[in-house]
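# Structural overview
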Amino acid sequence: MTQAQTKLVRVVTAGSVDDGKSTLIGRILHDSQALMSDQVDALSNARFSRAEEGDLDLSFVTDGLESEREQGITIDVAYRYFATPQTSFIVIDAPGHEQYTRNMVTGASNADVAIVLVDASRLHQGALKVQTRRHATIAHLLGLKVVFAVNKMDLVNWSQKVFLEVEESLKRLSRSLGITNAAIVPINARSGDNVVSKSPAASWYDGSSLLDILQSQGEGTDLSELPFRFSIQRVVRVDGHTIEAQRGYAGRIASGQIAIGDEVFVGPHRRPTKIVRIETYDQSLDRAEAGQSVTLYTEDEVDAARGDLLTRGEANYAKRVTADLCWLDDQVWDPRRRYIVQQGTSSILSRIENVLHIRDMRDLSEVRGDQALKLNDIALVQLQTQTPILADLFQDNPKTGAFILIDPDTNQTAAAGMIRGVA
Amino acid sequence: MTFFSRLLHLDRLESEAIYILREAAAQSRNPALLFSGGKDSAVLLHLALKAFRPEKLPFPLLHVDTGHNFEGVTQFRDETAARLGERLVVAHVEESIQRGTVRLASPTASRNAAQAVTLLEAIETHGFDLLLGGARRDEDKARAKERVFSHRDAFGAWNPKSQRPELWDLYNGRLQTGENFRVFPLSNWTELDIWTYIEREKIALPSLYFAHVRPVVRDGDYWRPVTPVTPAAEGQLVENRLVRFRTVGDMTCTCPIESNAADVSAIIAETRLSTLSERGATRMDDKVNEAAMERRKREGYF
Ligand SMILES: Nc1nc2c(ncn2[C@@H]2O[C@H](COP(=O)(O)OP(=O)(O)OP(=O)(O)O)[C@@H](O)[C@H]2O)c(=O)[nH]1
């Protein structure tokens with residue numbers, strides 16, 4: 001009937017400061033008729049606009065904060081929504097400035113595809129900026145598909161030679177990160193060439209427009225095909241008058257499917273029980289699958305609580321895992337400190353036992369040693385937890401393989417983590 | 001490698017909102033749900049029922065009442081709470097005025113911005129540490145920047161330059177004493193999503209969302225409603241026009257649009273074709289200044 005059948009693509013921008021991310025998002029929205037006329041009017045009257053007379057500063061579509069407009073930079077992520085007939089998009093504009101990398105990580109964790117922008121006019125012999133490499137690395141670690149956009153082609157007169165140089169550098173970067181088949185598109189975000197539709201300016205370019213590439217993304221893996229994972233959010237008590245008092249477990253199915261009669265295992269002790277009812281507010285279901293919020297009733301009292309997991313299929317629990325961390329806190333890592341691992345709805349104390357390596361963003365090499373982890377560092381660590389946690393690998397199941405570390409003294413989210421192995 | 005779920009658009013949004021509501025309730029000591037009787041809060045309340053029934057809601061409903069409500073809205077609010085058997089807490093801007101914590105330039109001045117003061121007073125009086133709100137990112141450029149779990153400091157202020165990271169759907173709801181959270185389960189919904197969901201779920205709304213005849217005066221691009229607090233000026237031409245409201249807020253700053261959409265499906269058809277944003281078409285409080293919403297939020301507004 002409505003847009004119900006469209007697929008969802010969540011896109012985040014990435015790349016160094018001023019390479020044109022916000023302008024690109026503004027351009028995509030503008031050229032897809034996704035901006036309302038009052039919003040366009042507001043752009044033409046905006047204070048601090050960098051556009052020439054009669055033109056719009058499209059970066060202001062997402063740079064909505066006063067200080068962002070004043071300084072001409074993005075500080076935090078903005079979320080915008082639009083749909084084409086085939087696809088409904090969430091576009092997330094992320095900041096390029098190194099200081100705000102944690103906000104870029106926030107945006108990337110909520111996206112499926114990253115557009116990594118490069119300013120074609122500011123590469124010296126094809127050398128990419130550190131921030132370009134950092135963002136591509138983060139996008140790849142977080143499991144996003146990467147699309148490269150070589151922007152500001154107007155400033156190099158749409159020179160194919162320049163494009164090929166940049167393309168060569170991007171291919172080298174892709175190889176060193178293990179990114180395969182990334183599209184590389186020459187664009188002008190300001191004027192819209194090759195953004196929504198193909199431009200005659202680059203007759204030598206035979207790929208598709210950026211938006212077409214985003215729309216034709218393969219869908220990837222169906223979460224309902226993975227093993228069943230269910231993290232309990234809330235225990236529901238029903239004091240039935242006709243039936244006896246019962247406990248149900250409310251939560252959202254992270255992956256897999258569940259049907260009445262299925263055997264599930266509770267927590268690391270893997271205590272078995274059977275599902276007898278699957279309920280929503282107004283329905284009793286025979287089966288349910290990844291993404292659905294439901295309440296599950298089990299055959300016997302299993303004494304499960306918020307944070308406990310119900311699983312089916314193989315499930316590895318471990319007290320020691322290796323994980324990639326993006327350090328997001330202004331406070332550096334303190335080896336003596338405990339951090340709370342929040343994974344699904346569970347919170348468990350942990351300690352970083354070992355920093356296996358930190359990535360040097362200048363050349364993406366891995367630096368060994370126990371240096372302090374500080375803001376914006378990306379490191380592989382060994383993590384020890386107080387009780388066993390589910391050790392699904394992030395690349396196999398991002399819903400359960402992801403976690404955050406919380407500093408219990410400040411309550412700050414200290415790091416984003418992705419499980420890579422059992423140590 | 002990317003991953004997807006097979007849920008359809010509205011099912012996905014619904015399930016996400018239910019998940020957020022349950023996280024909010026589980027991670028707070030004393031939450032409340034902001035309920036004004038407007039369409040977004042009606043949808044939010046409906047989702048709360050889906051998240052928590054057959055139990056009672058684990059929080060009261062809270063309305064910050066400017067006292068300048070359109071006809072039928074407070075009645076709808078009270079009847080809805082009574083029908084569901086849920087507790088309703090009303091914090092009155094009028095009481096803040098009497099206390100002297102809100103001072104207005106004139107007795108009929110807009111009380112919209114004053115809501116922040118009354119809200120913060122209610123948070124203190126009742127000890128709320130988390131408020132669920134129906135705000136959506138597509139409403140405004142400052143809202144587009146906000147987290148789902150939006151942290152507020154001990155002064156209730158939003159600090160857009162240093163928001164907490166928010167990764168995947170792992171919400172960190174931990175607070176120091178005195179701080180609070182505003183949580184927005186409808187963050188990823190658009191106006192059109194709200195209406196198609198209202199249609200699907202048959203959610204009841206106050207009548208002023210549907211086309212009706214009302215006395216209005218022309219004021220720039222707006223049809224300003226003629227009400228006891230916003231009377232027509234000397235010599236202004238009062239017209240009776242067929243209009244409906246796209247948002248329902250304080251009488252002093254909310255304007256209806258011309259429309260003959262008398263039911264939800266007609267509104268959906270109109271929303272699809274609209275070339276004006278929801279707030280752009282209806283809210284005078286945002287016109288005062290480019291960053292009006294951001295500034296209000298810094299002061300503790302929803
Ligand atoms: N000539 C030219 N200028 C561009 C193009 N794209 C963007 N710009 C300009 O580059 C400047 C920076 O653009 P932004 O969109 O603000 O850059 P950004 O990457 O979002 O910056 P941060 O978000 O702060 O990292 C602005 O003045 C744009 O108008 C382009 O294709 N050609």
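Residues numbered from 1 in each chain as written. Chains lettered and ligands numbered in written order. Predicted model: local features only at pLDDT ≥ 70, side-chain atom pairs only at ≥ 80, totals over all residues.

A tally of helices and strands in chain A yields eight helices and 24 strands. Its C-alpha atoms give chain A a radius of gyration of 24 Å, near enough to 22 Å, the size a compact globule of 423 residues would have. Judged by the C-alpha coordinates and their principal axes, chain A covers about 75 × 60 × 40 Å. Counting all 423 residues of chain A, 48% fall into the buried class. (Helix = DSSP H or I, 4+ residues; strand = E, 2+ residues; numbered from the N terminus. Rg over C-alpha atoms; globule rule 2.2 N^0.38 Å. Buried ≥ 20, exposed ≤ 12 C-beta atoms within 10 Å, placed from the backbone.)

Tallying secondary structure elements over chain B gives nine helices and 11 strands in all. On C-alpha atoms alone, chain B measures out to a radius of gyration of 19 Å, which is about the 19 Å that the 2.2 N^0.38 rule sets for 302 residues. When its C-alpha atoms are laid out on the principal axes, chain B stretches across 60 × 50 × 40 Å. In chain B, buried positions account for 52% of the 302 residues. If you take every contact in chain B between residues at least 6 apart in sequence, the share linking residues at least 24 apart comes to 75%. (Contact = placed C-beta atoms within 7 Å.)

Moving on to the interface of chain A and chain B. Across the boundary between the two partners, chain A contributes 60 residues, which contact 51 residues of chain B. In terms of residue class, the side of chain A that touches chain B is made up of 23 nonpolar, 23 polar and 14 charged. Judged from the two bridges that link them, strand β7 (residues 221–222) of chain A and strand β1 (residues 3–4) of chain B form a sheet pairing that is parallel. Bridge pairing in β1 of chain B links aspartate 222 of chain A to phenylalanine 4 of chain B. (Nonpolar A, V, L, I, M, F, W, Y, C, P; charged D, E, K, R; others polar. Pairing = 2+ DSSP bridges.)

This part covers the sheet that holds strand β11 (residues 257–258) of chain B. Sheets are built from strands paired through backbone hydrogen bonds, the pairs being either parallel or antiparallel. With antiparallel pairing, four strands are arranged side by side in an open sheet as β9-β8-β10-β11 (chain B). On the outer flanks of this sheet lie β9 (222–225) and β11 of chain B, each paired with one strand and no other.

Let us look at the domain arrangement of chain A. All names here are of chain A. Taken as a whole, chain A is organised into domain 1 (7–216), domain 2 (223–311) and domain 3 (317–422). One C-alpha centre belongs to domain 1, the other to domain 3, and the line joining them spans 29 Å. Listed by partner, the interface residues are 13 residues for domain 1 and 14 residues for domain 3. Looking at the side of domain 1 that touches domain 3, the elements that each hand over two or more residues are α4 (101–109) and α5 (130–141). (Domains from an automatic or database assignment.)

Quick look at the site of the ligand now. Residue and element names in this part refer to chain A. What surrounds the ligand is a group of 21 residues, the closest being Gly20, Thr23, Ile73, Thr74 and Gly96. The leading source of residues in the shell around the ligand is helix α1 (residues 21–31), at three residues. Broken down by class, the residue content of the shell around the ligand amounts to five nonpolar, nine polar and seven charged. (Near = placed C-beta within 6 Å.)

Okay, unusual backbone geometry next. Across the junction of arginine 53 of chain B and proline 54 of chain B, the peptide omega takes the value 15 degrees, indicating a cis bond. One non-glycine residue, asparagine 194 of chain A, lies in positive phi territory at about 60 degrees. Tracing the backbone through its elements, the reader meets asparagine 194 of chain A in the loop between β6 (184–186) and α7 (210–215). Positive phi is not limited to glycine here, since asparagine 376 of chain A has a value of about 75 degrees. With respect to the helices and strands, the residue asparagine 376 of chain A is situated in the loop between β21 (365–367) and β22 (378–390). Assessed through the 18 C-beta atoms surrounding it within 10 Å, asparagine 376 of chain A is described here as partly exposed.

In this structure, Ala108, Ala114, Ala139, Ala149 and Val150 of chain A are the most contacted members of the largest nonpolar core, which totals 120 residues. Setting aside anything within four residues of it in sequence, one finds alanine 139 of chain A in contact with Ala14, Ala108, Ala114, Val116, Leu144 and Val146 of chain A. Counting 56 residues, the second-largest nonpolar core is a separate cluster that includes Ala48, Ile123, Val183 and Trp195 of chain B. (Core = buried A, V, L, I, M, F, W, Y, C linked by C-beta atoms within 7 Å.)

It is worth spelling out the pairing of strand β10 (residues 239–244) of chain B at this point. Residue and element names in this part refer to chain B. Relative to β10, strand β8 (residues 212–219) runs antiparallel, the two sharing five bridges. In the sheet register, proline 215 faces β10, and the bridge partner there is asparagine 240. Where β10 and β11 come together, two bridges link them in antiparallel fashion. Bridging from a neighbouring strand, arginine 244 pairs with isoleucine 257 of β11.

Attention now goes to the pairing of strand β12 (residues 263–266) of chain A. Residue and element names in this part refer to chain A. Note that β12 and strand β13 (residues 271–279) share four bridges and pair antiparallel. Bridge assignment links valine 264 to a residue of β13, and that residue is threonine 273. Where β12 folds back onto β13 in an antiparallel hairpin, the turn is made up of four residues, including glycine 267, whose phi is positive at roughly 60 degrees. Direction of pairing for β12 relative to strand β17 (residues 309–311): antiparallel, over a ladder of two bridges. Looking at β17, one finds that phenylalanine 265 is bridged to threonine 311.

Looking at chain B as a whole, the pLDDT averages 89, with 94% of positions reaching at least 70. Two numbers describe this predicted complex: its pTM, 0.94, and its ipTM, 0.94. (pLDDT = per-residue confidence, 0-100.)

Residue and element names in this part refer to chain B. Taken together, six strands build an open sheet; the order of strands is β4-β3-β2-β5-β7-β6 and the sheet is mixed. The two strands at the open ends of the sheet, each matched to only one other strand, are β4 (88–92) and β6 (149–152). Adjacent strand axes in the sheet meet at a mean angle of 30 degrees when their direction is disregarded. (Axes fitted to C-alpha atoms, helices over the stretch in contact; angles between N-to-C directions.)

Residues and elements named next belong to chain B. As for its position among the elements, glycine 134 is in the loop between β5 (130–132) and β6. Given 26 C-beta atoms within a 10 Å radius, glycine 134 is considered buried. Considered as a pair, glycine 134 and aspartate 40 are 94 residues apart in the sequence and their alpha carbons are 5.2 Å apart. If we skip the residues at most four places from it in the chain, glycine 134 touches Leu34, Asp40, Ser41, Val43, Leu44 and Leu186.

Right, let's talk about α4 of chain A for a bit. All names here are of chain A. Counting buried residues along α4, nine of its nine residues qualify, which places the element largely inside the surrounding structure. Three or more residues of α4 are buried, namely Thr101, Arg102, Asn103, Met104, Val105, Thr106, Gly107, Ala108 and Ser109. Buried residues along α4 sit in contact with β1 (7–15), β3 (87–93), β4 (113–119), α5, β18 (317–327) and β24 (413–422).

Residues and elements named next belong to chain A. Looking at the element boundaries, threonine 23 is found in helix α1. Spatially, the C-alpha atom of threonine 23 lies 40 Å from that of serine 231, the residues being 208 residues apart in sequence. Contact partners of threonine 23, with chain neighbours within four places excluded, come to Leu58, Ser59, Ala189 and Arg190.

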